[in-house]
Amino acid sequence: MQPEARILPVTPAQSETRAQLALILLGGGVFLAAALFMTLGARGSWAFVLQFRGMKLLGLILIAHAVAVSTVLFQTVTANRILTPSIMGFDALFVLSSTLLIAFMGSVQLSGLDPRLLFAARLIVMTLFSMALYRWLFLGEEQSLHRLLLTGVVFGIFLRTLAEFVQRMLDPNEFMVLSDMLFASFTKIDPVLMGIGWALVLAVTLWLARNLARLDVIGLGRPVAVNLGIRWRRDVLLVLALVSVLVAVSTALVGPVTFFGLLAASLARLAVGTTRHAVLLPAASLTAMLLLIGGQTLLERLFAFNTALGIVIEFFGGVVFLILLLKGGRR
Amino acid sequence: MIETRALRKSYGSSLVLDEVSLTLPRGGITSIIGANGAGKSTLLSVISRLLTADSGAVSIDSQDIFRAAGPELARKLAVLRQDNHLNARLTVKELVSFGRYPHSKGRLTPACREAVNHAMTWLDLTALSDRFLDQLSGGQRQRAFVAMTLAQETDYILLDEPLNNLDMKNARAMMLTLRQAVQALQKTVVMVLHDINFASVHSDRIIAMKAGRVIHSGTPAQIITPAILRDVYDMEITVQEIDGHRFAFYYG
Ligand SMILES: Nc1ncnc2c1ncn2[C@@H]1O[C@H](COP(=O)(O)OP(=O)(O)OP(=O)(O)O)[C@@H](O)[C@H]1O
Ligand SMILES: [Mg+2]
């Protein structure tokens, strides 16, 4: 029996209650955090404060949802709980795509371009890349988790390094444009990008909501899923494409975050104690929102720190990653 | 009817399936026997599209399995592998209900519920239906997986060592259940068995494999003989007939 079995529910009724309770608590927590985030320490014109903070809040919600959902989906299709898209370098892929786009087209052409078109171009390049790179990794008939883990982590490092390498070869002007594109932060979220982001993420979420049963079957692993009539190649590639879209949205808005998704997904799994996507996906999304909005409120409003949230989240996410790795090694 | 044509499969330099051509008519129980590593599981996986062969073809009712649509095939053929590990945490009932996915895409109809309940009754799981799989013994878990396969209500049922972990009583009950499904519902069952006496008593056909080849096939009376068993297992095995069934003795 696995060590976590002790904290898992024992009967279906308990399991149901626990999942519902967890969702209600998480939802309440997010609501509270959002209310505090909007109102705490506000001075001056309320209309201005609410509009300004409202924008930020919308951004945080979008990022949290995209990161959490992409992590859970990725873990479902790869049948593991340790790797995430960002550990595998999906976000590095997005950085790389943007870098290559600039390297080949030049900053002059790019800066004249409609930002929506530019985002679309980056997204398409990234999705094609990820399809090409990851199809051989995930579509094999016999999979070893250890091989996947190893190649995954190595791939992530490789892609990040490659992106950095290409960046060093850019001329200074182009590099400026690129860093503008890449290092957006919570404090200066581009409203146009956010609009596109919301549209894309809502579309993905709608598709997911209608395919929860299919995701559950995919989560049973390739042999059982194929037996139940899942077209494995097609469906896994489709889900990986959705993951690419989600990662692209969050990376475009805040830049790469390595361990945040893992932290949110792992905490959500603990909280709900079930693998049903109808419960797990919203739970992960709410957990991520709670971490991000709650964390931001605490640091910014109470402690008056400004940029530390990313570091704090990455630290705890990294710890979770290590724990999972060690636990996985013992099994 | 299941037909395989010249199936070949190798891992690295070792040939695991060597030109396997078989015809399994509709109806009846076919058992596949052979030593560890003979290629039985590989053959079953290739027939059920879980594994692709390097060359050769498989067809079911004259339709190529790799060209058949996934969901349609899942309503015609169900397969259970030798080892089943799930990442998901499910109750017995939830697992068995997954067998209905090809029919209902996750929304259980009254007919689905009935099929699920039948499958659980056949495998004596009703009392365990609300238990999580990680709270079951090995044999109970094995029965839950077989129940899922039966709940799929397919014409063809492929099982890799379904008697794994089962005690005498449950092993016999499962064989009788399968017999009944074959007789009453005209199912076609193909299974890998290590207990050659179960194969002898309950099969209509036995296929013997060795080193990736089908070396013998026929009725139990034709296969369960000292000469053929020696050929298959490389050991001396006595065979006796009791009550019209042939039994192999290899314990002493
Ligand atoms: N993924 C794999 N990679 C390499 N070799 C494999 C792989 N799977 C199976 N084999 C080899 O193929 C051969 C046939 O394996 P298979 O599982 O079909 O045997 P089997 O007849 O089912 O044996 P058992 O009775 O032990 O279940 C074995 O020699 C095995 O070592
Ligand atoms: Mg086997």
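Residues numbered from 1 in each chain as written. Chains lettered and ligands numbered in written order. Predicted model: local features only at pLDDT ≥ 70, side-chain atom pairs only at ≥ 80, totals over all residues. Heavy atoms only, no water.

K.L.:
Teacher, can you tell me more about the overall build of chain A here?
P.N.:
Secondary structure summary: chain A contains 14 helices and zero strands in total. Ordered by position from the N terminus, the helices and strands of chain A form the series α-α-α-α-α-α-α-α-α-α-α-α-α-α. Looking at chain A as a whole, 53% of its 331 residues are labelled buried. Only carbon and sulfur atoms are counted for the fraction: they give 72% of the accessible area of chain A, which is about 15100 Å². (Helix = DSSP H or I, 4+ residues; strand = E, 2+ residues; numbered from the N terminus. Buried < 20%, exposed > 50% of the residue type's maximum accessible area, 1.4 Å probe, protein only. Areas by Shrake-Rupley, 256 points an atom, 1.4 Å probe, with all protein chains shown as cover.)

K.L.:
I tried to follow the environment of B:Thr225 on my own but got confused; where do I start?
P.N.:
Residue and element names in this part refer to chain B. Tracing the sequence through the fold places Thr225 in the loop between α9 (220-223) and α10 (226-233). Judged by relative accessible area, which is 17%, Thr225 ranks as buried. Separated by 23 residues in sequence, Thr225 and Ala248 have C-alpha atoms that sit 8.1 Å apart. Apart from residues lying up to four places away in sequence, Thr225 is in contact with Val239 and Arg246. (Contact = heavy atoms within 4.5 Å.)

K.L.:
In this structure, what is going on with helix α1 (residues 12-39) of chain A? I would like to understand it.
P.N.:
Since the α-helix advances by 3.6 residues per turn, residues separated by three or four positions end up pointing in the same direction. Residue and element names in this part refer to chain A. With 28 residues, α1 ought to run about 40 Å at 1.5 Å a step, and its terminal C-alpha atoms sit 41 Å apart, in line with that. What α1 keeps buried is the set Ser15, Ala19, Ala22, Leu26, Val30, Ala33, Ala34, Phe37 and Met38. Once α1 ends, the next one or two residues include Gly41, with phi positive near 65°. (Expected span 1.5 Å × (residues − 1).)

K.L.:
Would you mind going over the nonpolar core with me for this structure?
P.N.:
The tendency in soluble globular proteins is for nonpolar side chains to be buried as a group. Within the largest apolar cluster, 172 residues are counted, with the highest numbers of intra-cluster contacts made by A:Leu73, A:Ile293, B:Ile33, B:Leu43, B:Leu158 and B:Leu229. No other element matches the 16 residues that helix α11 (residues 232-254) of chain A contributes to this core. When residues of this core are sorted by domain, at least three fall in each of domain 1 (2-76 + 154-249) and domain 2 (85-153) of chain B. (Core = buried A, V, L, I, M, F, W, Y, C linked by side-chain atoms within 4.5 Å. Domains from an automatic or database assignment.)

K.L.:
Can you help me understand the coordination of the magnesium ion (ligand 2) in this one?
P.N.:
Each donor-metal-donor angle in an ideal tetrahedron of four donors is 109.5 degrees, and each such angle in an ideal octahedron of six donors is either 90 or 180 degrees. All names here are of chain B. Within the first shell, the magnesium ion (ligand 2) binds the protein through Ser41 (OG) and Gln82 (OE1), at distances of 1.9 to 2.1 Å. Of this pair, Ser41 sits in helix α1 (residues 40-47) while Gln82 is found in the loop between β6 (77-80) and α3 (92-98), placing the two residues 41 residues apart along the sequence. Its relative accessible area of 23% is what places Ser41 among the partly exposed residues. For Gln82, a relative accessible area of 28% gives the class partly exposed. (Donors = N, O, S within 2.8 Å, 3.2 Å for Na, K, Ca; no water.)

K.L.:
Looking at this structure, how should I read unusual backbone geometry?
P.N.:
Most peptide bonds adopt trans geometry, and most residues besides glycine take a negative phi value. Residues and elements named next belong to chain B. Positive phi outside glycine occurs at Ala6, with the angle close to 45°. Position of Ala6 among the secondary structure elements: in strand β1 (residues 2-11). Located in the positive-phi region is Glu161, a residue other than glycine, with phi close to 50°. Looking at the secondary structure, you find Glu161 in the loop between β7 (156-160) and α7 (168-185). Glu161 gets classed as buried once you look at its relative accessible area, which sits at 10%.

K.L.:
What exactly am I supposed to notice about the interface of chain B and chain A here?
P.N.:
Interfaces are often described in size by the accessible area the parts lose on coming together. Between chain B and chain A, the residue contacts involve 32 residues of the former and 30 residues of the latter. Across the chain B to chain A interface the summed buried area is about 2500 Å²; carbon plus sulfur atoms make up 56%. On the chain B side of the interface with chain A, the three residues burying the most area are B:Asn87, B:Arg89 and B:Tyr101, jointly 25% of the side's total. The tally of links from chain B across to chain A stands at seven residue pairs in polar contact (both at pLDDT 80 or more). Those elements that place two or more of their residues in the side of chain B that touches chain A are α2 (70-74), β6, α3 and α4 (101-104) of chain B. Residues belonging to the side of chain B that touches chain A are distributed by class as follows: 16 nonpolar, eight polar and eight charged. (Buried area = accessible area lost by both parts, 1.4 Å probe. Polar contact = N/O pair within 3.5 Å; in protein donor to acceptor, adjacent residues only side chain to side chain. Nonpolar A, V, L, I, M, F, W, Y, C, P; charged D, E, K, R; others polar.)

K.L.:
What is the right way to read the packing of helix α6 (residues 138-151) of chain B against α7(B) from this model?
P.N.:
Two measures define how a pair of helices packs: the angle their axes make with one another and the distance between the axes. Residue and element names in this part refer to chain B. Two elements in contact, α6 and α7, have axes whose closest approach is 12 Å; the angle formed by their N-to-C orientations is 5°. Classified by the angle between their axes, α6 and α7 sit roughly parallel to one another. Here Arg143, Val146 and Leu150 of α6 come into contact with α7, specifically with Asn170, Met174, Thr177 and Leu178. Taken together, the residues of the contact of α6 with α7 break down into four nonpolar, two polar and one charged. (Axes fitted to C-alpha atoms, helices over the stretch in contact; angles between N-to-C directions. Parallel < 35°, antiparallel > 145°, perpendicular 65-115°, else oblique.)

K.L.:
I would appreciate a short explanation of the pattern of salt bridges in the present structure.
P.N.:
When charged atoms on two side chains of opposite charge get close, those side chains can pair. For the structure on display, the rule yields 16 salt bridges over all chains. With its nearest N and O atoms 3.8 Å apart, the salt bridge here joins A:Arg276 to A:Glu16. Here A:Arg276 is found in the loop between α12 (260-272) and α13 (277-302), whereas its partner A:Glu16 is found in helix α1, with 260 residues between them in sequence. By relative accessible area, which is 30% here, A:Arg276 ends up partly exposed. Judged by relative accessible area, which is 38%, A:Glu16 ranks as partly exposed. Across the pair B:Lys76 and B:Asp61 runs a salt bridge, and its minimum N-O distance is 3.6 Å. In this pair, B:Lys76 sits in the loop between α2 and β6 while B:Asp61 sits in the loop between β4 (55-60) and β5 (63-64), placing the two residues 15 residues apart along the sequence. B:Asp61 gets classed as partly exposed once you look at its relative accessible area, which sits at 27%. It is possible to trace a salt-bridge network through shared partners that takes in B:Arg8, B:Asp18, B:Glu19 and B:Arg213. (Salt bridge = Lys/Arg side-chain N within 4 Å of Asp/Glu carboxyl O.)

K.L.:
Would you take a moment to explain the site of ligand 1 for this structure?
P.N.:
Among the 14 residues in the neighbourhood of ligand 1, the closest are listed as B:Gly37, B:Gly39, B:Lys40, B:Ser41 and B:Thr42. At the site occupied by ligand 1, the surrounding residues belong to chains A and B. In the model, an oxygen atom of ligand 1 is placed 2.8 Å from a nitrogen or oxygen of the B:Gly37 main chain. Within the contact set of ligand 1, an oxygen atom lies 2.5 Å away from a side-chain nitrogen or oxygen of B:Thr42. Contact with the protein chains hides 62% of the accessible area of ligand 1, taken as 640 Å² for the molecule alone. Counting residues per element, the shell around ligand 1 draws most heavily on α1(B), which supplies three residues. Taken together, the residues of the shell around ligand 1 sort by class into four nonpolar, seven polar and three charged. (Near = heavy atom within 4 Å.)

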